[in-house]
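These are the residues of each chain, in order.
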Amino acid sequence: MHKILVSRCLLGHRVRYDGGASGPFDQLAVWLAEGRVVGLCPEVAGGLPTPRPAAEIPGGQGAEVLDGQARVLTETGEDVSPEFLHGAHLALEQVRLHGIRIAVLKANSPSCGNLLTYDGTFSGVKVAGEGVTAALLKRHGVQVFSELELAEAARALANLPA
Ligand code: SF4
């Protein structure tokens, strides 16, 4: 059975930077009941506490962080890139362990966002781009969707070879 990596905050776990969570999502409940879900919060797994200061990637995106060309910073300038990178590699470890081809990651996060992230100015402005974990998983061939694309994720799952 194909497993799916899912951001833990989408499973109702209160791991978000502000101590919150998202959901419930019917499709994720189905996949949970089927035993497909591998839940992970890259930031918490990477060593950050909850709650924690918001972080953004000024002047770059997840791919640049992976390549050492940008950093993940809190609003006060604390560099949390090492924790973000560690969490991304732990996510990749789970992908390899379970042969995962599909991930559903929280939209807009500097770790998990797959289409948009915040622009690094802590002003709520979003730009096209992806978070550190989303970028690493995509580099390794994982199809990354968000909670806004659960129908697309389900279609991708149905199209995977048995
Ligand atoms: Fe953790 Fe990703 Fe959810 Fe942020 S978006 S709380 S890093 S699972």
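Preceding this section is the structure that the text describes.
About the criteria used
Residues numbered from 1 in each chain as written. Predicted model: local features only at pLDDT ≥ 70, side-chain atom pairs only at ≥ 80, totals over all residues. Heavy atoms only, no water. Core = buried A, V, L, I, M, F, W, Y, C linked by side-chain atoms within 4.5 Å. Buried < 20%, exposed > 50% of the residue type's maximum accessible area, 1.4 Å probe, protein only. Helix = DSSP H or I, 4+ residues; strand = E, 2+ residues; numbered from the N terminus. Contact = heavy atoms within 4.5 Å. 1 Å grid on protein atoms, 1.4 Å probe; cavity = no way out; pocket = protein on both sides within 12 Å on 5 of 7 lines; lining within 4 Å. Points joined across faces, edges and corners; volume = space filled by probe spheres on them. Nonpolar A, V, L, I, M, F, W, Y, C, P; charged D, E, K, R; others polar. Near = heavy atom within 4 Å. Sits in = over half its atoms within 2 Å of the grid points.

Draft legend 1. Local environment of the nonpolar core. Core analysis: the largest hydrophobic core is formed by 27 residues, its most contacted members being Leu5, Val72, Leu105, Val132 and Leu137. Elements with a minimum of two residues in this core: β2 (37–40), α3 (62–66), α4 (81–98) and α5 (132–139). Setting aside its immediate chain neighbours within four residues, Leu137 contacts Leu5, Ala91, Leu92, Val95, Ala103, Leu105, Val142 and Val144. With 18 residues, the next largest nonpolar core counts Val6, Val15, Ile102 and Phe145 among its residues.

Draft legend 2. Inspection of the layout of surface pockets at higher detail. Its volume calculated, the largest pocket comes out at about 520 Å³. Lining the largest pocket are 29 residues, and of these Arg16, Tyr17, Glu43, Ser109 and Pro110 sit closest to its centre. Looking at the lining of the largest pocket, the elements with two or more residues in it are α2 (42–45) and β3 (55–56). Of the residues that constitute the lining of the largest pocket, the class distribution is 17 nonpolar, five polar and seven charged.

Draft legend 3. Spotlight on the site of the ligand. Not every one of the 14 residues close to the ligand is listed here, only the nearest: Cys9, Cys41, Glu43, Lys106 and Cys112. Spatially, the ligand is embedded in the largest pocket. Looking at side-chain class alone, the shell around the ligand contains six nonpolar, three polar and five charged residues.

Any link to function would need more than the numbers given here.
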